Amino acid sequence: MLILVANLGSTSFKYRLFRMDGQGGEVVAKGGYERVDDYAAVIDDALTVMQRDGIIASPDEIDAVGFKTVLGKDLSGCVMADQAVIDALDGFAAVAPAHNPPYAAGIRQFAKSLPKARLVALFETAFYQWVPAAADAYAVPTAWREIGIRRHGFHGASHKFIAERSAELCGRDDIAGIARRLYPDGPQPVAGRPFRVVSCHLGGSSSVTGIRNGVAIGTSMGFSPQSGLPQNNRVGELDSGALPYAMRTLGISLDEAERQLTKQSGLLGISGVSNDIREVKAAARAGNPDARLALDHLVHSIRHWIGAFMLELGGLDALVFTAGIGENGPDIRAAVCQGLEPFGLHLDPARNDACLAVEAELATADSPARILVIPANEELVLAREVFRKLS
Ligand code: ADP
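Below you will find a few notes about this structure. Throughout, residues of each chain are indexed from 1 in the direction in which the sequence is written. Owing to the predicted nature of the model, reporting of local features is limited to residues with pLDDT of at least 70; listing and counting of side-chain atom pairs is limited to 80 or more, with chain, interface and lining totals taken over all residues. Hydrogens and water are ignored here; the side-chain numbers use all heavy atoms of the structure.

1. Some points on the packing of aromatic side chains
The aromatic pairing rule takes the rings of Phe, Tyr and Trp, using the six-membered ring of Trp, and pairs them if the centres are within 6.5 Å, calling planes under 30 degrees apart stacked, those over 60 edge-to-face and the rest tilted. As enumerated under the stated definition, the model contains seven aromatic pairs in all. Taken together, a centroid distance of 5.7 Å and an interplanar angle of 70° make the contact between F67 and F110 edge-to-face. With a gap of 43 residues between them, F67 in strand β4 (residues 64-67) and F110 in helix α3 (residues 100-113) connect regions that are remote in the sequence. The buried category is assigned to F67, whose relative accessible area is 0%. Counting from the N terminus, the helices are the DSSP runs of H or I reaching at least four residues and the strands are the DSSP runs of E reaching at least two. Relative accessibility under 20% of the residue-type maximum defines a buried residue, over 50% an exposed one, and the middle range a partly exposed one, all with a 1.4 Å probe and only protein chains included.

Next comes the structure, spelled out in C-alpha cells:
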C-alpha cells in the first residue's frame, strides 16, 4: 500500500511516501516546501516530481494520505479525514491557530488533488487517551470542563515512536509490542518489571511525556499548544492571572495579548533575539543575558517535568531526547542531566558531545538507567496507523 504522509505547517508542506506491508514499511520518496502560500501548487508539484523520478507512474497509485492532525474538538484517535475531522479542526482553530487551519486546508486540497486516495487523520492527542483524569483535569468550573477545557497533550505520534523504540533499545520487546499495538488494543498487563520512560520532544515546539509500559501517563502540553515548556515563539506555562493583569496594565486588547502569547513569546519572547535556538545560543555566548535566561528557563522547565514524571513513574529506566533541539543539542542535554546521578542517570560527556542527530546511548556503561537520543520518526507511526486503519 502506498501511503503519503503529509506534514502541513502554516507556511510549509513536507511529505514522505511509504510503501507499507504489514508492520514494515520503507520510505520511497520524500520532499518539502517552505514559504508555501498555495497548497494546491506544491501538492501538484510533489506529485509531478514523484512521477518524473519514476517513483509512481500516476498519482492514482497513491492509496492513502495520512495527516498528523493536532487538536480536534470532541474528536481524537485515528479516523477517516472527512468533513467531521475538518469540523473538529475548525472547532478548535482558535486554540491551535498555527496548526489546525493548515490541516483543514490540506485535507480539502488533497481530496481534490487525489480524489481516489483515502484520507486518514491521526490526531496528536490520540496517545493521551489513557492518561488518568486526575492528570489531565484543570480545576475549573464544570461548565469550562464541559466545553473541553482540560489537558489534551500534543506530539503524540513522536512520543509514541519513542515509547516503542526505547523499549526495543532497552531489550524490552514485550513493551515494544504493546506500544506498537496500542491504538487498537489499548494498555495491556505486563508481567515482570514495569518499563518507565520520560520522553523529551524538544523542537520548534516542545513537550515532555511520561510513559509507563508503552502508554502515556501524562504530558507537559496542556489545553493548547501554548503551554508546558517554552516553545519557539509561543508561551509555555503561564499563570491564568497574568493575562488579565497584562491586558489591563499594558492597555492591550485580548486579540493583541493572544497574538503576543502565540507569536512573540517562548524563546523569542524571553531572548528578544530569535525563535531558533541556534541564534539564541549564539547571543548567549556573546553575553546577552536575556538569551542566557531563555536557555536556562528552557532547561529548568524540562527538568521540572522530568522530575514530575519520574516521581509518578516511581523511577526511570530511560530518559530520551528527540526532535531538533533534543537530537542536536549536547549542551542542552548536559544541562538537563546535570546532577541526576542520584536518580540513576549518569551522562557520559564524551558520548553526549559526539551525538548529533543519530540514535545513540549517552549514559555511562554502569549507569542504572539509560539516556538515549532517538531521532524523531512521527511519519512512520502515521504510515503504520493509516495502514492498520485501511487494512
Ligand atoms: P519542529 O518542531 O518545527 O518540527 P524541529 O524538530 O526541526 O522543529 O526543531 C527545531 C529546533 O531545533 C530549532 O530551534 C532549531 O534551532 C533546532 N535545531 C535544528 N537543527 C539544529 C542543529 N543542527 N543544531 C542545533 N539546533 C538545531
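2. Let's talk about the sheet that holds strand β6 (residues 118-122)
The strand order across the open sheet built from six strands is β3-β2-β1-β4-β6-β5, with neighbouring strands paired in mixed fashion. Each edge of the open sheet is held by one strand with a lone partner, namely β3 (24-33) and β5 (78-80). Going across the sheet, the axis of each strand differs from the next one's by a mean of 25°, ignoring polarity. Pairing between β5 and β6: three bridges, direction antiparallel. One bridge is not enough; two strands pair if DSSP finds at least two bridges between them. Only the stretch in contact is used when a helix axis is fitted, and all axes are lines through C-alpha atoms; the angle between N-to-C directions ranges over 0 to 180 degrees.

3. Side note on the site of the ligand
Taken together, G203, G204, S205, D276, I277, R278, A323, G324, I325 and N328 are the residues near the ligand. Whenever a nitrogen or oxygen atom comes within 3.5 Å of another N or O atom, the pair is scored as a polar contact, on the condition that within protein one atom can donate a hydrogen and the other can accept it, and that pairs from neighbouring residues in sequence are kept only if both atoms are in side chains. S205 places a main-chain nitrogen or oxygen 3.4 Å from an oxygen atom of the ligand. The method behind every accessible area is Shrake-Rupley, applied with a 1.4 Å probe, and residues are considered shielded solely by the protein chains displayed. Here the ligand loses 61% of its free accessible area of 570 Å² to cover by the protein chains. Only α12 (277-285) and α14 (323-328) provide two or more residues apiece to the shell around the ligand. Looking at the shell around the ligand element by element, the count peaks at four residues for α14. In this classification, the charged set is Asp, Glu, Lys and Arg, the nonpolar set is Ala, Val, Leu, Ile, Met, Phe, Trp, Tyr, Cys and Pro, and all remaining amino acids, among them Gly, are polar. Here the residues of the shell around the ligand are counted per class, giving three nonpolar, five polar and two charged. Think of it this way: one heavy atom of a residue within 4 Å of a molecule or strand is enough to make that residue near it.

4. A closer look at empty space enclosed by the protein
Definitions used throughout: a 1 Å grid over protein atoms alone; a cavity as a set of points that fits a 1.4 Å probe which cannot get out; a pocket as an open set with protein on both sides within 12 Å along at least five of seven lines; a lining residue as one with an atom within 4 Å of a point. Grid points are joined across faces, edges and corners, and a volume is the space filled by probe spheres set on the points. Inspection of the entire model under this criterion finds two cavities of 30 Å³ or more. What the largest cavity holds in volume is close to 40 Å³. Classifying every residue of the lining of the largest cavity by side-chain character gives two nonpolar, three polar and two charged. In this structure, the second largest cavity occupies an estimated 30 Å³ of space. At the level of secondary structure, the elements contributing two or more residues to the lining of the second largest cavity comprise β1 (2-8) and α17 (378-390). By residue number, the principal contributor to the lining of the second largest cavity is β1, which donates three residues. Considered class by class, the residues forming the lining of the second largest cavity number two nonpolar, one polar and three charged.

5. With respect to the layout of surface pockets
Taken as a whole, the largest pocket spans an internal volume of roughly 1600 Å³. Along the walls of the largest pocket sit 47 residues, with K14, G203, G204, S205 and N232 positioned nearest its centre. At the level of secondary structure, the elements contributing two or more residues to the lining of the largest pocket comprise β1, β2 (13-21), α10 (254-263), α12, α14 and α17. Counted by class, the lining of the largest pocket contains 16 nonpolar, 19 polar and twelve charged residues. As for the second largest pocket, its lining consists of 29 residues, of which F223, S224, Q226, L238 and S240 are closest to the centre. The greatest single-element share of the lining of the second largest pocket, amounting to five residues, is contributed by α10.

6. Some details on the packing of helix α6 (residues 156-169) against α17
Interaxial distance between α6 and α17 falls to 8 Å at its minimum, and their mutual angle equals 90°. By the criterion of interaxial angle, the relationship of α6 to α17 is roughly perpendicular. Contacts between α6 and α17 involve A157, S158, K160, F161 and E164 on the former and, on the latter, E378, L380, V381, L382, R384 and E385. Of the residues assigned to the contact of α6 with α17, the class counts are five nonpolar, one polar and five charged. Note on angle classes: values under 35 degrees are labelled roughly parallel, values over 145 roughly antiparallel, values of 65 to 115 roughly perpendicular, and the remainder oblique. Note on contacts: a residue pair qualifies if any of its non-hydrogen atoms lie within 4.5 Å across the two residues.

7. Observations concerning helix α2 (residues 83-91)
Within α2, burial applies to V85, I86, A88 and L89. Angularly, the buried residues of α2 cover 160° about the axis, an arc narrow enough to put them on a single face. Where α2 is buried, its residues touch β5, α3 and β6. Think of it as the arc spanned by the lines of direction from the helix axis to the C-beta atoms.

8. As for the sheet that holds strand β8 (residues 206-212)
One open sheet holds the six strands; their spatial order is β9-β8-β7-β10-β12-β11, and the pairing between them is mixed. Two strands lie at the open edges of the sheet, namely β9 (215-219) and β11 (360-361), each paired on one side alone. On the sheet, helix α15 (residues 330-337) packs against β10 (318-322) and β12 (370-373) and is oriented at approximately 155° with respect to β10.

9. Description of unusual backbone geometry
With phi around 60°, D74 is a residue other than glycine that occupies positive phi space. Looking at the secondary structure, you find D74 in the loop between β4 and β5. Look at H155: it is not a glycine, yet its phi comes out positive at around 55°. Tracing the chain through its elements places H155 in the loop between α5 (142-146) and α6. The class of H155 is buried, set by a relative accessible area of 8%.

10. Focus on a negative patch on the surface
On the surface, a cluster of negative charge is made up of D37, D38, D44 and D45. Of note, D45 is situated in helix α1 (residues 39-52). By relative accessible area, D45 is classed as partly exposed at 36%. Only residues whose relative accessible area exceeds 30% and that form no salt bridge are eligible for patches; like-charged ones are grouped when within 9 Å, while nonpolar side chains (Val, Leu, Ile, Met, Phe, Trp, Tyr) are grouped when within 5 Å. Here, a salt bridge means any side-chain nitrogen of Lys or Arg that lies within 4 Å of a carboxyl oxygen of Asp or Glu. Residues scored as charged are limited to Lys and Arg (positive) and Asp and Glu (negative), so that His and the chain ends carry no count. Charge placement uses NZ in Lys and CZ in Arg. For Asp and Glu, CG and CD serve respectively.

11. Things to note about the pairing of β12
Pairing of β10 with β12 involves four bridges; the strand directions are parallel. From the neighbouring strand, F321 faces β12, where its bridge partner is V373.

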